[in-house]
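Here are the chains, one letter per residue:
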Number of protein chains: 2
Amino acid sequence: MEVTRRNFKDSLNAVYSAIEEADFLAIDGEFSGISDGPNVSALTNGLDTPEERYTKLKKHSMDFLLFQFGICTFTYDQTKSKYIIKPFNFYIFPKPFNRTSPDIKFICQSSSIDFLASQGFDFNKVFCNGIPYLNQEEEAQLREQTEERRNQHANGVGTPSYISPSSSKGPAHVPEEHKDFINRVIEKVEALFTNSEKTLDLEPCTGFQRKLIYQTLNWKLERKERFIQVSKVDDEERKRREQQKLEKEQEELNDAVGFSRVVHAISKSGKLVVGHNMLLDVMHTIHQFYCPLPEDLQDFKEVTMCVFPRLLDTKLMASTQPFKVRNDHQHLAGRSLNPADTFLPSLTETAEGFPSYDTAQEQLHEAGYDAYITGLCFVSMANYLGSFLTPPKAYISARSKLIEPFFNKLFLMRIIDIPYLNITGPDLQPKRDHVLYVTFPKEWKTSDLYQLFSAFGNIQVSWIDDTSAFVSLSQTDQVHLCCFTLQISTSCSNRFCFSCMFFVYFWVFFYLFFFFLF
Amino acid sequence: MEVTRRNFKDSLNAVYSAIEEADFLAIDGEFSGISDGPNVSALTNGLDTPEERYTKLKKHSMDFLLFQFGICTFTYDQTKSKYIIKPFNFYIFPKPFNRTSPDIKFICQSSSIDFLASQGFDFNKVFCNGIPYLNQEEEAQLREQTEERRNQHANGVGTPSYISPSSSKGPAHVPEEHKDFINRVIEKVEALFTNSEKTLDLEPCTGFQRKLIYQTLNWKLERKERFIQVSKVDDEERKRREQQKLEKEQEELNDAVGFSRVVHAISKSGKLVVGHNMLLDVMHTIHQFYCPLPEDLQDFKEVTMCVFPRLLDTKLMASTQPFKVRNDHQHLAGRSLNPADTFLPSLTETAEGFPSYDTAQEQLHEAGYDAYITGLCFVSMANYLGSFLTPPKAYISARSKLIEPFFNKLFLMRIIDIPYLNITGPDLQPKRDHVLYVTFPKEWKTSDLYQLFSAFGNIQVSWIDDTSAFVSLSQTDQVHLCCFTLQISTSCSNRFCFSCMFFVYFWVFFYLFFFFLF
């Protein structure tokens, strides 16, 4: 179901109930770009620590806009032995709520925009009809503003009063030439209290005169086109109107919170949220709809657990045993369906009233479809785990113990030796004493590095920038010899490595010794 | 005429000839935002110097995208006594040309996007079908790359050669298991030279095998779907193909230069270019299609004169005598047409084949229409100048001496005492010794400043940020007394002002004198 600002309010109940009844839900986001600084290969260095990766993504990816959010809910139907799915495709845009609300700036990366354009992405749905949103702080501020305005108004209404233009205490200064006019108005209004009329139409007046009237009469005034109507309002009527106004304000506030309400509903439900290579999706979701991302990775993990109490990354699952070896899961891991594979779609059925995705005619990179494929991917892999049980089980639920090992671990793209970010605990700390940090002239290519290290066995190169890289030796015992031989341009990743220093000093002493000797 | 990537090449001749025949042309741009930093009132402080204003706009406005460019050409028809107009509305987007071309990032400001959306702007035309562009340096780089590739290829073709898989000198290492296959290919290719066949279809092979073949045979190979076809090519055929290839490369290069070609044509024509409040339009045009803006204002002026040898800003014209007093020009200065005024549109007639704009049904904020209205504005004001001549003239051409005083002066928005940026000379340097720089707590409002200065006559406040502002006194003689009385929080705009210092030291000595006396 496609959801824009136009049908958001009407769709909200359907979204809430879909989340409520779901066994799990899959999400996917489309962004206006990936990196505003280094290119993707530098952004995802193979030897990043989890902290480094988080810091880089936070710095270089968060100024883009998450402008399409796909949610696909999966609810298992025992009688049909398949999942009933409800896919939603939300278009999102930070339309300013009023003059004082933040005027969001976001970056677009032309390659990303061009890619989405080539996939038939509809930018007008984002920019003209995107659903607005507020993060928690903005929402709190807006609530406060509304509350304040309401209190001010309540006080004003509580003690109806007006300041006579002749009174010198009042803040409104009435120029000489308008005094007559204003006095006439005052008289008429005062007469209104004593006569039987319910309303009073004042004579046409200029904007300035109207302003003077407003300033002078702190009263319940209703503007018409070019003249002012003054109404007597009895208590009951006043309460009714206030109630109306309160409701209207509440509605406007809810409209401004917009898509964040959907994210709050997901959080509250505590349901398993499945994504594919979902670190950026999670970071963007928190950044846009909750709060600016914290500096520290540990704090990020804590916030993540509040927003998404249970996560599962299919990319990590597919690259782990026993899926790693199965070609079809690898294929799924790239999230593209084999059109010939009619088995997979038979695992699900689209709920009534929802437009069904045709897997034969791929609609990849519409977030709703991507979320659907991601969920399908998860169902297929979960069921595959069931085949190892004795007796084998054809259906493994999202609550099964079998998939628990994959909970709350987010795939870390292209890191050689740390497959995932562990949201609920400390991260893996692989030994990296076979890794050298190497700097070189910017003309160097990977082949130059291979040549330099040719004497020390096979190597793996992870570029940092034009003039530096990490070089992993396959033979750990070669590290210090290597450091020593190539001493100037390399250093072991432990910068105070005793062995390295020993080699260097040894060489210096050796040199000096012979220098003085001869 | 609406121009996107789809019809750009076909429209180019029409654009060129419209520029060539025009008496003058009007331009207008739409941007993805205005300021990525301070809000507009801080960006356009009333007491900016031209240098400060340029620096601020360069810093805070250039990361937005100029994504719609309107050009309306005006050609006077003597027989009809009216201008024939040709309006063009170009959609622009920096679609990456190839993998090595720059991946442009630009900012969007949600309020600007929302405003354009409310005007019915079609974002898909920008993002899916925008015309690409290159600045001068990118164009030069691309030409160089193409040239280099061509030379390499020419050398390669000159000496057809291939390396046998058994040769140990060659860089291509053929693994043992593929040697048989590659050897079979070599035999077949060698046979091709001696037999009468013109082409040779090799047996289906894997991607890796294809790579091995390419590496092994440095020859004219044409890829087909899953197998390789090898052709014998005689000299004539080879030249023909090379010529074809050259032309194709040239065309691709031109496609990549894209919209910049239109801007080059405007520059080359030397025609008068009219804009409305056009400083940002000029800055964006140079920045996107020529070169990054220079640091220095003087350098910017020089670049501007190269790109637009003759400019006229209708906003400046309309705010100058004798137009300033005429309400209808003020109205035009706001660039909104009075629908009742049927006189203005009668000054022009849309050229055949161009969709005509209906001025009664305003299409403001489509750049082509805005350019049209700007040109109309200029024609009306120029003709009005003619009414002062004896005898009065009804038509004043774009080459008339009467409008020369307005050439190359760009309106400076909201600067109190410098109405324009003078592109061809030094800027005005109004006296500002009645201006005070004031700092204060961030809770202060304009009214607090009025109160503070109430003893010193009327003031004008130009906010700098939350805690500082320029305060202009209307009575210049009050400045130093004012500085003295309010000494802590203000200083005369000359920070080493002798008078101010004198007052301060006088007070200090006075104090010390009495302190020691008693």
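Residues numbered from 1 in each chain as written. Chains lettered and ligands numbered in written order. Predicted model: local features only at pLDDT ≥ 70, side-chain atom pairs only at ≥ 80, totals over all residues. Heavy atoms only, no water.

(A) Main features of the overall build of chain A. When helices and strands are tallied, chain A shows 18 helices and 19 strands. In chain A, buried positions account for 47% of the 518 residues. A separation of at least 24 residues holds for 70% of the contacts in chain A among residues at least 6 apart in sequence. On chain A, roughly 26,500 Å² of surface is accessible, and the fraction owed to carbon and sulfur atoms is 54%. (Helix = DSSP H or I, 4+ residues; strand = E, 2+ residues; numbered from the N terminus. Buried < 20%, exposed > 50% of the residue type's maximum accessible area, 1.4 Å probe, protein only. Contact = heavy atoms within 4.5 Å. Areas by Shrake-Rupley, 256 points an atom, 1.4 Å probe, with all protein chains shown as cover.)

(B) Looking closely at the packing of aromatic side chains. All names here are of chain A. Applying the stated criterion across every chain, the model contains 57 aromatic pairs over all chains. For the pair Tyr76 and Tyr395, a centre-to-centre distance of 3.6 Å together with 5° between the ring planes defines the contact as stacked. Here Tyr76 is found in strand E3 (residues 66–77), whereas its partner Tyr395 is found in the loop between helix H15 (367–386) and strand E14 (409–411), with 319 residues between them in sequence. Tyr76 sits in the buried class, given a relative accessible area of 16%. Since its relative accessible area comes to 22%, Tyr395 is described here as partly exposed. (Phe/Tyr/Trp six-rings, centres within 6.5 Å; stacked < 30°, edge-to-face > 60°.)

(C) Seen up close, empty space enclosed by the protein. Residue and element names in this part refer to chain A. Summed over all chains, the structure comprises 4 cavities of 30 Å³ or more. Put simply, the largest cavity is a space of about 100 Å³. For the largest cavity, the full set of lining residues is Pro94, Lys95, Pro96, Phe97, Ser101, Pro102, Ile104, Pro132, Tyr133, Leu134, Glu138 and Ala256. Broken down by class, the residue content of the lining of the largest cavity amounts to 9 nonpolar, 1 polar and 2 charged. (1 Å grid on protein atoms, 1.4 Å probe; cavity = no way out; pocket = protein on both sides within 12 Å on 5 of 7 lines; lining within 4 Å. Points joined across faces, edges and corners; volume = space filled by probe spheres on them. Nonpolar A, V, L, I, M, F, W, Y, C, P; charged D, E, K, R; others polar.)

(D) Broad picture of helix H10 (residues 260–269) of chain B. In terms of burial, H10 of chain B is a largely internal element, 8 of the 10 residues being buried. Among the residues of H10 of chain B, those classed as buried are Ser260, Val262, Val263, His264, Ala265, Ile266, Ser267 and Ser269 of chain B.

(E) The relation of the copies chain B and chain A, seen in detail. Aligned on chain A, chain B shows an RMSD of 0.4 Å; the corresponding rotation is 179° and the shift along the axis is 0.2 Å. Taken together, the rotation angle and the small translation identify this as a two-fold axis. Measuring from the rotation axis to each C-alpha of chain B, the shortest distance belongs to Ile107 of chain B, at 2.1 Å. Taken as a fraction of all interface residues of chain B, those also at the interface in chain A reach 100%, which identifies the copy contact as same-surface. (Least-squares fit on C-alpha atoms with pLDDT ≥ 70 in both.)

(F) The arrangement of the confidence of the model for chain A in detail. Residue and element names in this part refer to chain A. Across chain A, the average pLDDT comes to 83, with 80% of residues at or above 70. Mean pLDDT values for the elements of chain A range from 42 in strand E6 (residues 161–162) up to 98 in strand E11 (residues 272–275). Taken as a whole, residues 158–171 scores under 50 in pLDDT and shows 16 contacts with residues more than four places along the chain or in a different chain. Scoring the predicted complex yields pTM 0.78 and, for the interface, ipTM 0.78. (pLDDT = per-residue confidence, 0-100.)

(G) Local environment of the side chain of His276 of chain A. Residue and element names in this part refer to chain A. Turning to its location among the elements, His276 is positioned in the loop between E11 and helix H11 (279–289). Exposure remark for His276: the relative accessible area of 8% places this residue in the buried category. Here the side chain of His276 touches Thr314 through a polar contact of 2.8 Å, side chain to side chain. (Polar contact = N/O pair within 3.5 Å; in protein donor to acceptor, adjacent residues only side chain to side chain.)

(H) Looking closely at the environment of Glu252 of chain A. Along the chain, the position of Glu252 of chain A falls in helix H9 (residues 235–257). Distance from Glu252 of chain A to Phe97 of chain A, taken between C-alpha atoms, is 9.0 Å for residues 155 residues apart in sequence.

(I) Inspection of the packing of helix H3 (residues 50–61) of chain B against helix H11 (residues 279–289) of chain B at higher detail. All names here are of chain B. The geometry of H3 relative to H11 is characterised by a closest axis approach of 11 Å and an angle of 60° between their N-to-C directions. Relative to H11, the element H3 is oriented oblique. Between H3 and H11 the crossing geometry is right-handed. Here H3 contributes Tyr54, Leu57, Lys58 and Ser61 to the contact with H11, which in turn contributes Leu279, Leu280, Met283 and His284. For the contact of H3 with H11, the residue count by class is 5 nonpolar, 2 polar and 1 charged. (Axes fitted to C-alpha atoms, helices over the stretch in contact; angles between N-to-C directions. Parallel < 35°, antiparallel > 145°, perpendicular 65-115°, else oblique. Left-handed = near helix turned anticlockwise from the far one by under 90°.)

(J) Expanded view of the interface of chain B and chain A. With 25 residues of chain B at the contact, the number on the chain A side is 25 residues. Run the count over chain B and chain A and you get 2 salt bridges. For Asp114 of chain B, the salt bridge identified is with Lys95 of chain A, shortest N-O distance 3.1 Å. Residue assignment for the side of chain B that touches chain A shows that the elements contributing at least two residues are strand E5 (105–109), helix H4 (110–118) and helix H5 (123–127) of chain B. Within the side of chain B that touches chain A, the residues separate by chemical class into 13 nonpolar, 6 polar and 6 charged. Across 5 bridges, strand E5 (residues 105–109) of chain A lies against E5 of chain B in antiparallel orientation. In the strand pairing of E5 of chain B, Phe106 of chain A is matched with Cys108 of chain B. (Salt bridge = Lys/Arg side-chain N within 4 Å of Asp/Glu carboxyl O. Pairing = 2+ DSSP bridges.)

(K) How the structure looks around the nonpolar core. Counting 128 residues, the largest nonpolar core has Phe90 and Phe123 of chain A together with Phe90 and Phe123 of chain B as its most contacted members. Filtering out sequence-adjacent residues up to four positions away, Phe123 of chain A remains in contact with Phe67, Ile113, Leu116 and Ala117 of chain A together with Phe123, Asn124, Phe127 and Cys128 of chain B. (Core = buried A, V, L, I, M, F, W, Y, C linked by side-chain atoms within 4.5 Å.)

(L) Broad picture of a negative patch on the surface. Residues and elements named next belong to chain A. A surface patch of like charges, here negative, comprises Glu51, Glu52, Asp296, Asp299 and Glu302. Of all elements in the fold, only helix H3 (50–61) and helix H12 (297–307) reach the threshold of two or more residues within the negative patch. Residue placement: Glu302 occurs in helix H12. (Patch = residues over 30% accessible without salt bridge, like charges linked within 9 Å, V, L, I, M, F, W, Y side chains within 5 Å. Lys, Arg positive; Asp, Glu negative; His and termini not counted. Charge placed at Lys NZ, Arg CZ, Asp CG, Glu CD.)

(M) Main features of the side chain of Ser397 of chain B. Residues and elements named next belong to chain B. Residue placement: Ser397 occurs in the loop between helix H15 (367–386) and strand E12 (409–411). For Ser397, a relative accessible area of 18% corresponds to the buried category. When neighbours within four sequence positions are excluded, Ser397 is seen to be in contact with Tyr83 and Ile403.

(N) How the structure looks around a nonpolar patch on the surface. Together, Leu512, Phe515 and Phe516 of chain A make up an exposed nonpolar region whose accessible area comes to about 350 Å². Following the sequence through the fold, Phe515 of chain A ends up in helix H18 (residues 498–517).

(O) Quick look at unusual backbone geometry. For the peptide bond that leads from Thr390 of chain A to Pro391 of chain A, omega is -5°, which places it in the cis range. Residue placement: Pro391 of chain A occurs in the loop between H15 and E14. Even without being glycine, Asn277 of chain B reaches a positive phi, approximately 50°. Residue position: Asn277 of chain B is located in the loop between strand E9 (272–275) and H11.

(P) Up close: the pattern of salt bridges. Tallying each qualifying case throughout the model produces 41 salt bridges over all chains. Close ionic contact of Glu242 of chain A with Arg238 of chain A constitutes a salt bridge, the shortest N to O distance being 3.1 Å. One end of the pair, Glu242 of chain A, and the other, Arg238 of chain A, are both in helix H9, 4 residues apart, so they sit about a helical turn from each other. Glu242 of chain A gets classed as partly exposed once you look at its relative accessible area, which sits at 29%. Judged by its relative accessible area of 23%, Arg238 of chain A falls in the partly exposed class. The salt bridge partner of Asp48 of chain B is Arg53 of chain B, with a shortest N-O separation of 3.0 Å. Judged by its relative accessible area of 4%, Asp48 of chain B is buried.

(Q) Structural context of the environment of Ile418 of chain A. Residues and elements named next belong to chain A. Take Ile418: it is sitting in the loop between E14 and strand E15 (420–422). Spatially, the C-alpha atom of Ile418 lies 29 Å from that of Gln109, the residues being 309 residues apart in sequence. Ignoring sequence-local partners within four residues, the contact set of Ile418 consists of Asp48, Pro50, Leu412, Leu428, Pro430 and Arg432.

(R) Examining the pairing of E11 of chain A more closely. Residue and element names in this part refer to chain A. Residues Leu272 and Val274 of E11 are buried on one face, and the alternating residues Val273 and Gly275, pointing to the opposite face, are buried as well. Two strands pair when backbone bridges link them, and strand E2 (residues 24–31) and E11 are joined in this way by 3 bridges, in the parallel orientation. Each bridged residue has a counterpart across the sheet, and for Ala26 the counterpart in E11 is Val274. As defined by bridge partners, E11 adjoins strand E12 (residues 311–313) across 3 bridges and the pair is classed as parallel. Bridged to Val273 within E12 is Leu311.

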